[in-house]
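Descriptive analysis of the structure
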Protein chains: 2
Amino acid sequence: MGKLLVVGSVALDTVQTPFGQAEEVLGGSATYFSTAASYFTSVDLIAVVGEDFPDKHVAFLKSRGIDLTGLERRPGKTFRWKGEYTYQMNEAHTLDTKLNVFETFHPKIPEPYRAPSLLFLGNIDPELQLDVLSQVKRPALVACDTMNFWIERKREALWKVLEQVDVLIVNDAEARALAGHSSLVQVGKTILARGPRHLIVKRGEYGVLMFNHKQTFGAPAFPLEQAQDPTGAGDTFAGGFVGYLAATGNVSEAAFRQAVIFGSVMASFTVEAFSLDRLRVLDYKEIEARFREFKRLTHFEDLTGA
Amino acid sequence: MGKLLVVGSVALDTVQTPFGQAEEVLGGSATYFSTAASYFTSVDLIAVVGEDFPDKHVAFLKSRGIDLTGLERRPGKTFRWKGEYTYQMNEAHTLDTKLNVFETFHPKIPEPYRAPSLLFLGNIDPELQLDVLSQVKRPALVACDTMNFWIERKREALWKVLEQVDVLIVNDAEARALAGHSSLVQVGKTILARGPRHLIVKRGEYGVLMFNHKQTFGAPAFPLEQAQDPTGAGDTFAGGFVGYLAATGNVSEAAFRQAVIFGSVMASFTVEAFSLDRLRVLDYKEIEARFREFKRLTHFEDLTGA
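Scoring rules and cut-offs
Residues numbered from 1 in each chain as written. Chains lettered and ligands numbered in written order. Predicted model: local features only at pLDDT ≥ 70, side-chain atom pairs only at ≥ 80, totals over all residues. Helix = DSSP H or I, 4+ residues; strand = E, 2+ residues; numbered from the N terminus. Rg over C-alpha atoms; globule rule 2.2 N^0.38 Å. Buried ≥ 20, exposed ≤ 12 C-beta atoms within 10 Å, placed from the backbone. Contact = placed C-beta atoms within 7 Å. Arc of directions from axis to C-beta. Nonpolar A, V, L, I, M, F, W, Y, C, P; charged D, E, K, R; others polar. Pairing = 2+ DSSP bridges. Axes fitted to C-alpha atoms, helices over the stretch in contact; angles between N-to-C directions. Right-handed = clockwise from strand over helix to strand, strands pointing away. Parallel < 35°, antiparallel > 145°, perpendicular 65-115°, else oblique. Left-handed = near helix turned anticlockwise from the far one by under 90°. Least-squares fit on C-alpha atoms with pLDDT ≥ 70 in both. pLDDT = per-residue confidence, 0-100.

Brief notes about the overall build of chain A
Helices and strands together make up the secondary structure of chain A, namely 11 helices and 13 strands. Here chain A has a C-alpha radius of gyration of 18 Å; the compact-globule value for 306 residues is 19 Å, and the two agree. Expressed along its principal axes, the backbone C-alpha trace of chain A runs to roughly 65 × 40 × 35 Å. The 306 residues of chain A split such that 53% are buried. Sequence separation of 24 or more characterises 66% of the internal contacts of chain A that already satisfy a separation of 6 or more.

Quick look at helix H3 (residues 126-135) of chain A
Restricting attention to buried positions, one finds in H3 of chain A the residues Pro-126, Gln-129, Val-132 and Leu-133 of chain A. All buried residues of H3 of chain A project into a common sector of 110° when viewed along the axis, lining one side.

Describing the interface of chain B and chain A
Taken together, the contact between chain B and chain A spans 34 residues of the former and 34 residues of the latter. Broken down by secondary-structure element, the contributors of at least two residues to the side of chain B that touches chain A are helix H7 (184-192), strand S13 (216-219), helix H9 (253-270) and helix H11 (284-298) of chain B. At 6 residues, the largest contribution of residues to the side of chain B that touches chain A is made by H11 of chain B. A breakdown of the residues in the side of chain B that touches chain A according to their chemical character gives 17 nonpolar, 9 polar and 8 charged.

Quick word on H7 of chain B
All names here are of chain B. Those residues of H7 that sit buried are Leu-184, Val-187, Gly-188 and Ile-191. The arc enclosing the buried residues of H7, seen along the axis, measures out at 100°, which places them on a common side. Where H7 is buried, its residues touch strand S10 (167-171), helix H6 (172-179), strand S11 (198-202) and strand S12 (208-212).

Considering the sheet that holds strand S6 (residues 79-84) of chain A
Residue and element names in this part refer to chain A. One open sheet accounts for 4 strands, arranged S3-S2-S6-S7; its pairing is mixed. Two strands close off the open sheet at either side, each with one partner strand: strand S3 (20-27) and strand S7 (93-98). Between one strand and the next, the sheet's axes are offset by a mean angle of 15°, whatever the strand orientation. Where S6 and S7 come together, 5 bridges link them in antiparallel fashion.

A closer look at the environment of Ala-140 of chain A
Assignment of secondary structure puts Ala-140 of chain A in the loop between H3 and strand S9 (141-144). Note: C-alpha distance between Ala-140 of chain A and Gly-2 of chain A (138 residues apart in sequence) is 9.7 Å.

Examining the pairing of S12 of chain B
All names here are of chain B. In terms of burial, S12 is largely enclosed, as 4 of its 5 residues are buried. The sheet contact formed by S11 and S12 spans 5 bridges and is antiparallel. Each bridged residue has a counterpart across the sheet, and for Ile-200 the counterpart in S12 is Met-210. Linkage of S11 to S12, two consecutive antiparallel strands, is achieved through a turn of 5 residues, within which Gly-204 is found at a positive phi near 60°. Bridge count for S12 against S13 is 4 bridges, and the pairing is antiparallel.

Considerations on the environment of Phe-40 of chain A
All names here are of chain A. Inspection of the secondary structure puts Phe-40 in the loop between helix H1 (29-37) and strand S4 (43-49). C-alpha of Phe-40 to C-alpha of Ala-247: the two residues are 207 residues apart in sequence and 5.6 Å apart in space. Discounting residues that sit within four places of it in the chain, Phe-40 has contacts with Gly-243, Tyr-244, Ala-246 and Ala-247.

Description of unusual backbone geometry
As a rule of thumb, non-glycine residues mostly have phi less than zero, and peptide bonds are mostly trans rather than cis. Backbone geometry at Glu-24 of chain A places phi at a positive 55°, although glycine is not the residue there. Within the secondary structure layout, Glu-24 of chain A lies in strand S3. Positioned with a positive phi, Asn-100 of chain B is a non-glycine residue whose angle comes to about 50°. For Asn-100 of chain B, the position within the fold is in the loop between strand S7 (93-98) and strand S8 (118-121). Exposure remark for Asn-100 of chain B: the 20 C-beta atoms within 10 Å place this residue in the buried category.

Considering the pairing of S9 of chain A
Residues and elements named next belong to chain A. Of the two faces of S9, the one holding Leu-141 and Ala-143 and the one holding Val-142 and Cys-144 are both buried throughout. Pairing analysis gives 4 bridges linking strand S8 (residues 118-121) to S9, with the strands arranged parallel. Bridge pairing in S9 links Leu-121 to Cys-144. As for the winding sense of the linkage, the β-α-β connection from S8 through H3 to S9 is right-handed. As judged from the 2 bridges shared by S9 and strand S10 (residues 167-171), these two strands associate in the parallel manner. Considered in S10, the bridge of Cys-144 is made with Leu-168.

Describing the sheet that holds S13 of chain B
Residue and element names in this part refer to chain B. Here we have 9 strands laid out as an open sheet, ordered S5-S4-S1-S8-S9-S10-S11-S12-S13, and mixed in their pairing. Each of the sheet's edge strands pairs with one partner strand only, and the pair in question is strand S5 (71-74) and S13. On average, each strand axis in the sheet is inclined to that of its neighbour by 15°, with strand direction left out of account. Lying on the sheet, H6 is in contact with S10 and S11; it crosses S10 at an angle near 115°.

Describing the packing of H3 of chain A against helix H5 (residues 155-163) of chain A
Residues and elements named next belong to chain A. Two elements in contact, H3 and H5, have axes whose closest approach is 8 Å; the angle formed by their N-to-C orientations is 30°. If you check the angle between H3 and H5, you find them roughly parallel. In this structure, the crossing between H3 and H5 has a hand that is left-handed. Across the interface between the two elements, Pro-126, Glu-127, Gln-129 and Leu-130 of H3 pack against Ala-157, Leu-158, Lys-160 and Val-161 of H5. Across the contact of H3 with H5, the residue classes tally to 5 nonpolar, 1 polar and 2 charged.

Details of the relation of the copies chain B and chain A
Its rotation angle being 180°, the transformation that places chain B on chain A also includes 0.0 Å of axial translation and leaves an RMSD of 0.0 Å. Put plainly, the chains are arranged around a two-fold axis. Counting the interface residues of chain B, we find that 100% of their copies in chain A are interface residues as well, pointing to one common contact surface.

Some remarks on the confidence of the model for chain A
When pLDDT is averaged along chain A, the result is 96; 99% of the residues meet or exceed 70. Listed scores for the predicted complex are pTM 0.96 and ipTM 0.94.

Here we look at the environment of Ala-37 of chain A
Here Ala-37 of chain A is to be found in helix H1. By the C-beta count within 10 Å, which is 32 here, Ala-37 of chain A ends up buried.

Structural data, given as structure tokens:
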């Protein structure tokens with residue numbers, strides 16, 4: 001389908017979970033997204049880092065074939081996030097956020113990147129998401145993420161974004177907060193009525209639901225022997241999902257469903273290690289093998305007869 | 001496969017949810033289980049009620065074809081449970097429990113019921129579960145439930161029960177407490193190593209995972225327009241699951257997976273209304289239709305090629 005453009009954050013994370021810790025490791029929504037998507041398609045990354053951003057991380061992203069023309073390096077420090085997880089690994093507890101250069105991030109899309117086939121708007125201020133949309137020629141598919149912070153503070157701008165978006169990818173708490181319903185079926189109807197043709201609700205270790213006007217698709221998360229660190233799982237899911245759609249160039253219901261499974265596969269690898277450590281050593285055969293395990297995990301025989 | 005024997009509680013519930021309330025309505029684990037199973041097979045119910053148990057409830061259970069020879073009526077009052085749910089409908093908050101005649105319940109299996117093909121041991125003291133097992137000729141399939149109260153207080157007796165059980169059906173918190181792991185994959189290995197050949201982990205609105213020594217099966221819950229009252233959903237799941245196995249007489253992996261879906265279908269109906277009100281008016285065509293909707297909900301195309 002052509003090139004995938006992603007706008008979001010690149011960060012240095014410090015994370016503690018019951019199974020270990022990591023300090024000042026590579027993180028950020030656009031990082032996880034791009035790396036996951038890079039297994040399926042070519043990716044142009046728009047983000048900002050500070051002067052302190054280690055060259056080795058730049059080298060890693062380049063090694064994944066990600067185009068870093070749009071990665072600005074600005075005076076100041078890189079975005080830092082510090083968080084921890086208890087045994088209830090489904091929810092991060094933020095200990096500290098230092099936006100640093102990300103605070104004044106104002107994405108400028110370089111001229112050669114203004115006609116992407118697919119666009120992913122990572123979790124940034126909806127007004128910046130609108131600005132990005134105004135800079136690009138309408139892509140075949142636009143997906144976006146957001147968070148409760150923007151749902152509470154920039155609701156109107158966010159709805160304007162959603163009018164121009166094909167797929168909204170959020171977690172269940174965000175979806176409920178945005179729609180003001182507890183039933184996800186009602187959440188789906190409310191959100192789809194205002195713009196996106198598809199709503200994907202991420203439920204962490206419980207899996208994913210995808211709603212469109214005609215169908216609902218549900219999949220469990222892949223059951224893991226040991227989840228080490230859930231950081232970035234949602235962004236990785238989005239990267240696998242959009243990346244697969246870019247690779248196939250197919251936006252049928254069947255392709256969307258497979259894309260959800262590829263997103264879930266990629267997310268399941270991410271949580272097996274801290275930072276992007278599992279994705280660093282992943283190969284495509286492992287991705288395909290886990291996709292097939294997903295099929296075995298979820299398959300059951302239909303009823304026979306009419 | 002023949003007759004299904006169930007031992008558990010029959011209760012009068014008072015329930016409040018964000019969507020309404022119900023006072024002194026029919027409840028109890030064996031009630032939900034038997035009613036759900038009655039759509040698939042014939043059921044013999046072993047339970048106890050007090051003198052105040054309304055005749056209309058007896059009439060309802062009879063109307064479902066449930067054999068009530070083993071339903072003791074004792075001097076005293078029927079078991080009462082009072083609970084409420086917030087918008088997080090996945091967890092009940094118990095406000096009051098009055099065991100009443102259930103406190104001294106000591107199941108005696110009437111002679112004609114001592115050779116069931118399938119046995120479901122509802123959530124009662126594991127020592128009573130052992131006693132029931134000692135009263136019956138070994139059935140082709142034994143399933144059981146338990147709760148944190150017994151996991152904490154009667155762990156050794158519970159493990160003895162599990163050595164004689166084919167399928168343990170519990171929620172995720174119970175499974176984790178029993179095994180002492182947070183990873184459900186590790187939970188599965190730990191529990192299967194000590195007895196049951198199958199572990200079913202119920203996750204409420206998030207669905208179900210089923211583990212055995214060879215395979216894992218996962219299914220989401222059916223997404224509902226409006227869940228009214230989750231009370232009894234877990235017992236209904238178990239009733240649909242075991243009831244379907246009884247009906248087919250098939251204990252293959254394929255049948256177990258379909259049984260999980262039938263259990264999920266039945267549970268999804270139960271939560272659509274208070275008490276057993278949805279099950280009262282349910283017919284088998286609706287059950288089959290929702291099974292097929294489940295297939296559409298979860299189906300995706302496998303990868304082509306090797």
